[in-house]
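Chain by chain, the residues run as shown.
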Amino acid sequence: MNQERALKKEILRMVAGFRRFRERFFTEETSVYERLASSGQRPKTLMIACSDSRVDPAILFSSSPGDIFVVRNVANLVPPFESSIGFHGVSAAIEFAVVNLAVENIVVLGHRQCGGIRSLFQPENLKKGGFVAQWMTIAEEAKGKVLIKNPHGDVETLCRDCEKESIVTSLDNLRTFHFIDEAIKSRGLQLFGVYFDLESGQLWHYDDVIGSFEELTLS
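Residues numbered from 1 in each chain as written. Predicted model: local features only at pLDDT ≥ 70, side-chain atom pairs only at ≥ 80, totals over all residues. Heavy atoms only, no water.

Topic: a nonpolar patch on the surface
Here comes step 1: A grouping of Ile11, Met14 and Val15 is seen on the molecular surface, where their side chains present a nonpolar patch of about 270 Å² in accessible area.
Here comes step 2: Along the chain, Ile11 falls in helix α1 (residues 2-25).
Here comes step 3: Exposure remark for Ile11: the relative accessible area of 42% places this residue in the partly exposed category. (Patch = residues over 30% accessible without salt bridge, like charges linked within 9 Å, V, L, I, M, F, W, Y side chains within 5 Å. Areas by Shrake-Rupley, 256 points an atom, 1.4 Å probe, with all protein chains shown as cover. Salt bridge = Lys/Arg side-chain N within 4 Å of Asp/Glu carboxyl O. Helix = DSSP H or I, 4+ residues; strand = E, 2+ residues; numbered from the N terminus. Buried < 20%, exposed > 50% of the residue type's maximum accessible area, 1.4 Å probe, protein only.)

In structure tokens, the structure reads:
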């Protein structure tokens, strides 16, 4: 009974939120969704973000509906291109954004306190042989690079460094997709790596010329 009441309370909270959403986007004479419904979506940016509930790209960047095409998964990882038959959800979304929507930018958004990255250094917290453990093998290369640079680092330092390094790994993996390579050469598709430190409120971007992350100044 308590669980049922909690469920109803959560549904009511969602309904209240949806009411505010409708008031914002559907009550104007020419609403945002009226335009989006008639013309379709034309986002300029594909954002690959983490499923972490604290890091919502639309909220983080004050985006309006239709602005960004978002793919969220554990630890904002991009797998390398694979030709094997299977269910490649992230790769399919990337293909749709680049080929069908012709986005102009791809942003890989990482963040501080990522549980997926932490599991690389504390694997005991994961279900052995589970989906998350298998998925996180994509970031093993990033973990290895971090350990080579700082073999005696504490867990927090290693996690922070790997959160950033895994973004670079995902950028490298993006370039293994032939349609991305083609879009870069033919129409100037750009790839960016961004890191959000939710502890300090800082935003960093990866500078591939110098090979490191630089803080983005807001003033």
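Description of the side chain of Glu165
Here comes step 1: The residue Glu165 is located in helix α8 (residues 155-174) in this model.
Here comes step 2: Its relative accessible area of 14% is what places Glu165 among the buried residues.
Here comes step 3: Discounting residues that sit within four places of it in the chain, Glu165 has contacts with Ala142, Lys145, Val146 and Lys149. (Contact = heavy atoms within 4.5 Å.)

What about the packing of aromatic side chains?
Here comes step 1: In total, this model carries eleven aromatic pairs according to the counting rule given.
Here comes step 2: Centroid distance Phe26 to Tyr33: 5.1 Å. Interplanar angle 15°. Geometry classified as stacked.
Here comes step 3: Measuring from centroid to centroid gives 5.5 Å for Phe177 and Phe179, while their planes differ by 55°, and the two rings are tilted.
Here comes step 4: Judged by relative accessible area, which is 1%, Phe177 ranks as buried.
Here comes step 5: According to the relative accessible area criterion, Phe179 is buried, its value standing at 9%.
Here comes step 6: Three or more aromatic residues link up through ring pairs in this structure, and these residues are Phe18, Phe21, Phe25, Phe26 and Tyr33.
Here comes step 7: Cation over ring: Lys143 sits above Phe121, and NZ or CZ is 5.7 Å from the ring centre. (Phe/Tyr/Trp six-rings, centres within 6.5 Å; stacked < 30°, edge-to-face > 60°. Lys NZ or Arg CZ within 6 Å of the ring centre and 35° of its normal.)

Quick look at the pattern of salt bridges
A side chain of one charge can pair with a side chain of the opposite charge if their charged atoms are brought near each other.
Here comes step 1: Per the counting criterion, the structure on display carries 14 salt bridges.
Here comes step 2: Here Glu10 makes a salt bridge to Arg13, at a shortest N to O gap of 2.7 Å. Pair noted here: Glu10 and Arg13 are both in helix α1, with a separation of three residues, about one helical turn.
Here comes step 3: A relative accessible area of 34% means that Glu10 is categorised as partly exposed.
Here comes step 4: We classify Arg13 as exposed; its relative accessible area is 54%.
Here comes step 5: Note that Glu156 is salt-bridged to Arg112, the shortest N-O span being 2.5 Å. With Glu156 in helix α8 and Arg112 in the loop between β3 (105-111) and α5 (115-121), this pair connects stretches of sequence that are 44 residues apart.
Here comes step 6: By sharing partners, the salt bridges in this structure join Arg112, Arg118, Glu156, Arg160, Glu163, Asp197 and Glu199 into a single network.

Side note on the environment of Pro43
Here comes step 1: Among the secondary structure elements, Pro43 is positioned in the loop between α2 (32-39) and β1 (45-50).
Here comes step 2: Taking the C-alpha atoms as reference points, Pro43 and Gly66, separated by 23 residues in sequence, lie 5.8 Å from one another.
Here comes step 3: When near neighbours in sequence (up to four residues on either side) are disregarded, Pro43 contacts Gly66, Asp67, Ile68, Phe69, Leu101 and Val103.

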